[in-house]
Amino acid sequence: MLTYPEALERLCSAALPVDEVRRLPLAAAAGRVLAEAQVATVNVPPLDNSAMDGYALRLADVPAPGVCLPVSQRIPAGSVGQPLEPGSAARIFTGAPVPPGADAVVMQERCEPCAAGVLIQHQPRAGENIRRAGEDMAAGREVLPAGVLLRPQELAVAAAAGLAELPVRRRLRVALFCTGDELHLPGQPLPPGGIYNSNQFALQALLEGLGCEVRNLGLVPDALDATRAALREAARGNDLILTSGGVSVGEEDHVKPAVEAEGSLDLWKIAIKPGKPLAFGQVRSATGQAWFVGLPGNPVSSFVTFLMLVRPFIRKLQGLASSAPVSYLLPAGFTWEKDSSLHEFLRARRNGAGQLELHGHQGSGVLTSLIHSEGLVLKPPHALIQPGDPVEFFPFTELLA
């Protein structure tokens, strides 16, 4: 069986980013992946400006606290003052350009009115409360690298740098279907032996949370011809086909022969729990081929393998420079004495002491454990854990971002 790191490496090394690039206005670019590095068109800030409401002055005019200076001008943000007259101060507001000749700004809380103007109750230092031109961004310098996810902070940087639109990779197109004659949609009568299909809704939400365009083909019967037809339909115009169920080697598991008939397939047994079976390959279509990933049908297995294996693969297809899951080392608040050759993903949450406690039910069918947990502890093969030991924790806040 492949180890978890080996399976992750195989998936991510195979992924090539979609090559179609579109230019979008900033207001439409949130959540997209930047296709090309961007440089600032202006200095930010464009001029030396004040970091505080206060008084701009010359250091030479305030050799000690207690100097009273006449106020020669008033400079609000959005206007440019005149050169500062020696022996005077300029009333200045946050963001306003510092007048030529001034080399410090004293905040208004350290000033008082006096008969001649303003009493400076503080001896300033050179450059105090002055933001220098270009100290945040310099014109012509790179401010956003290629392959970055455009969050609100990246859009703010782009706007401040004078960029009205950005080149982004198009959204990944994903076709989704689930297999299993036992599956039924919520709201339908549930026959004996039937279960409601939870994977369809979880996987669609996960894909849409990653910014994918999802084409949901619903439920596919456990039949080879039906599975082949669904694969042909899913491959048209899509970059990735994602399925759940039918990826083992039982008599009713038709995904493997169907994908082999319509393209090519690697069926991996991965030394992880929950998870283990994962199908990876490609399906041919009239316009090219689509990647294929088949997840196990158990709901927790499907959810965990998506987060830890499929999500990084999708991020690479989207063109993100970094796609590895983010983890933190936190102290264990539990004991684990079961020796195992598997990488195990244990559902856990933090207690009041900041330690990680395991959910009481770690079975691959216990969906409620995903609600009552805050993330996944990665237990390496043959690792035994005692309270206080540092363990690797993947919070859902990172995995679902």
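Residues numbered from 1 in each chain as written. Predicted model: local features only at pLDDT ≥ 70, side-chain atom pairs only at ≥ 80, totals over all residues. Heavy atoms only, no water.

Participant: How do you make sense of the side chain of Arg170 when you look at a structure like this?
Facilitator: Note that Arg170 resides in the loop between β13 (165-169) and β14 (173-179). At 2.8 Å, the side chain of Arg170 forms a polar contact with the side chain of Asp239. Discounting chain neighbours no more than four positions away, the residues touching Arg170 are Val18, Glu20, Arg22, Arg32 and Asp239. (Helix = DSSP H or I, 4+ residues; strand = E, 2+ residues; numbered from the N terminus. Polar contact = N/O pair within 3.5 Å; in protein donor to acceptor, adjacent residues only side chain to side chain. Contact = heavy atoms within 4.5 Å.)

Participant: Quick question: what am I supposed to make of the pairing of strand β21 (residues 277-285) here?
Facilitator: In summary, the side chains of a regular strand alternate between the two faces of the sheet. Bridge count between strand β19 (residues 263-269) and β21: 7 bridges; the pairing is antiparallel. Paired with Asp266 across the two strands is Phe280, which belongs to β21. Relative to strand β22 (residues 288-295), β21 is paired through 7 bridges, and the arrangement is antiparallel. Within β22, the residue paired with Val283 across the bridge is Ala290. Between β21 and β22, which pair antiparallel one after the other, the connecting turn spans 2 residues. (Pairing = 2+ DSSP bridges.)

Participant: Looking at this structure, how should I read unusual backbone geometry?
Facilitator: Trans peptide bonds make up the majority, and among non-glycine residues the majority have a negative phi. In this model, Val44 is joined to Pro45 through a cis peptide bond whose omega is -5°. Along the chain, Pro45 falls in the loop between β2 (38-39) and β3 (49-50). Cis geometry is adopted by the peptide bond preceding Pro274, which originates at Lys273 and carries an omega value of -5°. The backbone of Asn129 sits at a positive phi, close to 60°, despite the residue not being glycine. For Asn129, a relative accessible area of 18% corresponds to the buried category. The backbone of Lys276 sits at a positive phi, close to 70°, despite the residue not being glycine. Considering the arrangement of structural elements, one finds Lys276 in the loop between β20 (272-273) and β21. By relative accessible area, which is 40% here, Lys276 ends up partly exposed. (Buried < 20%, exposed > 50% of the residue type's maximum accessible area, 1.4 Å probe, protein only.)

Participant: I'm lost on helix α5 (residues 255-262) in this one. Help?
Facilitator: Since the α-helix turns once every 3.6 residues, residues separated by three or four places project in the same direction. Considered for burial, the residues of α5 that qualify are Val255, Ala258, Val259 and Glu262. Looking straight down α5, one finds that the buried residues subtend no more than 95° of arc, so they occupy a single side. At its buried positions, α5 is contacted by β14, α4 (224-235), β18 (240-244), β19, β21 and β22. (Arc of directions from axis to C-beta.)

Participant: Looking at this structure, how should I read the environment of Asp53?
Facilitator: The residue Asp53 is located in the loop between β3 and β4 (54-57) in this model. Overall, Asp53 belongs to the partly exposed group, its relative accessible area being 29%. Here the alpha-carbon distance between Asp53 and Asp222, two residues 169 residues apart in the chain, equals 71 Å. Ignoring sequence-local partners within four residues, the contact set of Asp53 consists of Arg91, Ile92, Phe93, Thr94, Val106, Met107 and Gln108. Looking at Asp53, its side chain comes within polar contact range of the main-chain nitrogen of Thr94, at 2.8 Å.

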